[in-house]
Structures are given as structure tokens and as C-alpha cells.
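Letter by letter, the chains look like this.
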Amino acid sequence: MAEISLSIFERILKKAGAGRVSKGALDEFAKIMEEKIVSVAKEANALAKHAGRKTITDEDVRIARKKFE
């Protein structure tokens, strides 16, 4: 995938308390998180379409996120 910069995921891991992050761990974290992000985006899009809208709202994203918790 790699559509989101790995440096963003590295900052997230460091913000969570990691002192150092291996390249393999960073790649795996990025892969998992991008899959989750795409899943939430697809669900939010489906919710907007179901409501007859072309625009995804914050509420669509919140509802979609809950499905994947």
C-alpha cells in the first residue's frame, strides 16, 4: 500500500512511548493501520451513500469506526 508516509506512523509509535522502532515493525504497523483506515473509509462511504449523500460526514466516520473497534 504505502500511500501514507512511514514517518507519520513512526511519529505515532514514538508518541505511544516507543524509543526506537525497527524498519520491520514500522512496515508492519503501517500495513495494518492502512488496512484499518481503508476499511473505515469504505464503511463511511457506504453509510453516506445509504443516506443518499455524496459527502461523508464526521458522523459517518464515527459510526464506521465503531464497527471496527
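Everything discussed here concerns the structure shown above.
What you see is a predicted model; the values in this text were computed from it and never measured.

Visitor: Would you mind going over the packing of aromatic side chains with me for this structure?
Guide: Aromatic ring pairs are defined here through the distance separating the ring centres and the angle between the ring planes. A complete count under the given rule lists one aromatic pair for this structure. Between Phe9 and Phe29 the ring centres are 5.9 Å apart and the planes differ by 80 degrees, which places this aromatic pair in the edge-to-face class. Of this pair, Phe9 sits in helix H1 (residues 6–15) while Phe29 sits in helix H2 (residues 23–50); the two residues are 20 residues apart in sequence, bridging distant segments of the chain. Phe9 sits in the buried class, given a relative accessible area of 3%.

Visitor: Just to check I follow, could you spell out the packing of H2 against helix H3 (residues 58–67) for this structure?
Guide: Packed helices, taken two at a time, are described by the angle between their axes plus the distance between the axes. Between H2 and H3, whose axes approach to 8 Å, the crossing angle comes to 125 degrees. The angle between H2 and H3 places the two elements in the oblique class. Crossing of H2 over H3 shows right-handed handedness. For the pair formed by H2 and H3, the contact residues are Val40, Glu43, Ala44, Leu47 and Ala48 on the first element and Asp60, Val61, Ile63, Ala64, Arg65 and Lys67 on the second.

Each value, and the rule that gives it
Residues numbered from 1 in each chain as written. Predicted model: local features only at pLDDT ≥ 70, side-chain atom pairs only at ≥ 80, totals over all residues. Heavy atoms only, no water. Phe/Tyr/Trp six-rings, centres within 6.5 Å; stacked < 30°, edge-to-face > 60°. Helix = DSSP H or I, 4+ residues; strand = E, 2+ residues; numbered from the N terminus. Buried < 20%, exposed > 50% of the residue type's maximum accessible area, 1.4 Å probe, protein only. Axes fitted to C-alpha atoms, helices over the stretch in contact; angles between N-to-C directions. Parallel < 35°, antiparallel > 145°, perpendicular 65-115°, else oblique. Left-handed = near helix turned anticlockwise from the far one by under 90°. Contact = heavy atoms within 4.5 Å.

It is worth stressing that arrangement in space is one thing and function is another; only the former is reported here.
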